[in-house]
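Observations on the three-dimensional arrangement
Here's the letter readout for the chains.
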Amino acid sequence: MRIGITCYPSHGGSGVVATELGKLLAERGHDIHFITYDMPFRLVSFHQNIQYHGVEANRYAVFKYPPYDLSLASRMAQVAKTYHLDLLHVHYAIPHAIAAVLAKQMVGDYLKVVTTLHGTDITVLGEDPSLRDIICYGIHHSDAVTAVSDDLVKQTYALFCKSAEKHIDRIYNFVDTKVYFPRDVSHLRRKFSNENEKLLLHISNFRAVKRPLDVIKVFRKVQKQIPARLLMVGEGPELSRIIDLVNNWGLAEKVFFLGKQDEVSQLISLADLVLLPSEKESFGLVLLEAMACGVPAVASNVGGIPEVVEHGRTGFLSPVGHTDEMADYAIRLLQDDAMYESFSKAGLERVKKYFCGCKIVKQYEEVYRRVIGK
Ligand code: GMT
């Protein structure tokens, strides 16, 4: 098949999933065309079946806001015509689904649109009255819609699809187990922690929705009971508040801020435990990446997280904001070697069973075949 893929090329789960999917599809012989404003950061190596088409928004002085959405739609249509694309697979509804629907109108009905919903496009933007109706339009005019967890399917139905008959396929995110696997990184570990110390890790875009301050609250309690350090990976609006809290609580020597990182598989393998206390999370890709590295998690019991982490078997889940309980779970897991081993092993099995790229790519291919009728 000839497939156009549009996603946010910067750091963030939806772009990672879109790029990794494109790579897998290319390996399976499909022609893949990324249509984005920047080269997706995970698209590092050359593949004969992958092409990249940049999108440039016009910045004419009359425009207060450059019309990126229109440039994207126009570029999608141009690439679709030139390369005879069968479909556009867009990740994240806004503005990608709407731009793709517009491109389809420009090119012809044979060009199909598959939209994958990733979470905040529904759970945050879907509540914004200025975007709600256009998101709904994008969903209803896509030829197929997928969402990354059952919870997101449910939330999308609740918000947008009450009356209309719109089928949404749940297709889980996946992880490349050639990149994410348990490995010995003890040489790196010495840089961040002493031998007797446990290493906790949080990776996110440090937005309020991730509740990064809760990470510090959990860590404060944990390190009172067991020697531990914390790695904070990422950047975002909450960063300065987090740094303030770390300093005010006298934790500066135990918390490392590593900024944005392109390649996190080694960092994850460094850790003993991943923390993700988010308020909303349609999936929580980092939890899956951690599980594939044999690293259990303590997270909040929201959204799609319970579909990724099995409470009491591959990690522990608590209600949002229950940082004391999260810390107690973390301490329990880090102090009990037998429990830790069994969580780590169960996680690896779970990855193989439900989240292997080799299975997920076939589910997407099935959706593609259904819409283009091949
Ligand atoms: O979490 C974010 O703010 C980024 C966002 C994105 O678009 O990358 O993440 C969403 O998509 C990821 C990939 O499907 C999911 O793993 C995240 O759970 C989801 N984020 C939220 O639902 C908050």
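For the structure itself, consult the block above.
What counts, and at which threshold
Per chain, residues are indexed from 1 in the order of the written sequence. This being a predicted model, a pLDDT of at least 70 is required before a residue's local features are given, and a value of 80 or more before pairs of side-chain atoms are given or counted; all residues contribute to the totals for chains, interfaces and linings. Working from all heavy atoms in the structure, the side-chain values ignore hydrogens and water. Each residue's exposure class comes from its accessible area (1.4 Å probe, protein chains only) as a fraction of the maximum for that residue type: buried when under 20%, exposed when over 50%, partly exposed otherwise. In this text, helices come from DSSP runs of H or I with a minimum length of four residues, and strands from runs of E with a minimum of two, each type numbered from the N-terminal end. Strand pairing is assigned whenever DSSP identifies at least 2 bridges connecting the two strands. A molecule or strand has a residue near it when one of that residue's heavy atoms lies within 4 Å. Residues adjacent in sequence count toward polar contacts only when both atoms are side-chain atoms; beyond that, a polar contact is any pair of N or O atoms within 3.5 Å, and within protein one must be able to donate a hydrogen and the other to accept it. The Shrake-Rupley method, run with a 1.4 Å probe, gives the accessible areas here. Residue values count only the displayed protein chains as cover. Only Asp, Glu, Lys and Arg are considered charged in this grouping, and only Ala, Val, Leu, Ile, Met, Phe, Trp, Tyr, Cys and Pro are considered nonpolar; every other residue, Gly among them, is considered polar. Classification of ring pairs rests on two measures: the distance between centres of Phe, Tyr or Trp rings, Trp counted by its six-membered ring, which must be within 6.5 Å, and the angle between planes, read as stacked under 30 degrees, edge-to-face over 60 and tilted in between. Note on method: axes are straight lines fitted to C-alpha atoms, helices fitted across the in-contact stretch only, with angles between N-to-C directions ranging 0 to 180 degrees. Relative orientations are named as follows: roughly parallel for angles under 35 degrees, roughly antiparallel for angles over 145 degrees, roughly perpendicular for angles from 65 to 115 degrees, and oblique for any other angle. Throughout, a residue-residue contact means that at least one pair of heavy atoms, one from each residue, lies within 4.5 Å.

**Thoughts on the pairing of strand S13 (residues 315-318)**
The side-chain alternation of S13 yields two buried faces, one formed by Gly-315 and Leu-317 and the other by Phe-316 and Ser-318. Inspection of the sheet shows strand S12 (residues 297-300) paired to S13 by 4 bridges, in the parallel sense. Residue Ala-297 lies in a different strand from S13, and its bridge partner there is Gly-315.

**Re the site of the ligand**
The immediate surroundings of the ligand are formed by 17 residues, with Gly-13, Ser-14, His-118, Lys-210 and Glu-281 found nearest. For the ligand, an oxygen atom lies 2.8 Å from a polar atom in the backbone of Ser-282. Phe-283 is positioned such that a nitrogen or oxygen atom in its backbone is 3.0 Å from an oxygen atom of the ligand. Coverage of the ligand by the protein amounts to 92% of the 480 Å² it exposes when considered alone. Considered class by class, the residues forming the shell around the ligand number 4 nonpolar, 10 polar and 3 charged.

**Things to note about unusual backbone geometry**
If a residue is not glycine, its phi is most likely negative; likewise, a peptide bond is most likely trans. Cis geometry is found at the peptide bond from Ile-94 to Pro-95, where omega equals -10 degrees. By the secondary structure assignment, Pro-95 is in the loop between strand S4 (87-91) and helix H3 (96-107). Residue Phe-206 is not a glycine yet carries a positive backbone phi of 50 degrees. Assessed through its relative accessible area of 0%, Phe-206 is described here as buried. Phi at Arg-211 takes a positive value of approximately 50 degrees, unusual for a residue other than glycine. With respect to the helices and strands, Arg-211 occurs in the loop between strand S8 (198-203) and helix H8 (212-225).

**Structural notes on the packing of aromatic side chains**
Under the defined criterion, the tally for this structure stands at 10 aromatic pairs. On the basis of an interplanar angle of 5 degrees and a centroid distance of 4.3 Å, the ring pair of Phe-316 and Tyr-329 is categorised as stacked. Separated by 13 residues along the polypeptide, Phe-316 in strand S13 and Tyr-329 in helix H13 (residues 323-335) bring together distant segments of the chain. For Phe-316, a relative accessible area of 4% gives the class buried. Classification of Tyr-329 as buried rests on a relative accessible area of 15%.

**Comments concerning the packing of H13 against helix H14 (residues 337-354)**
Between H13 and H14, the least distance of the axes is 5 Å, while the angle of their chain directions is 100 degrees. By the angle between their axes, H13 is roughly perpendicular relative to H14. Along its contact with H13, which presents Arg-332, Leu-333, Leu-334 and Gln-335, the element H14 presents Asp-337, Met-339, Tyr-340 and Phe-343. Taken together, the residues that form the contact of H13 with H14 break down as 5 nonpolar, 1 polar and 2 charged.

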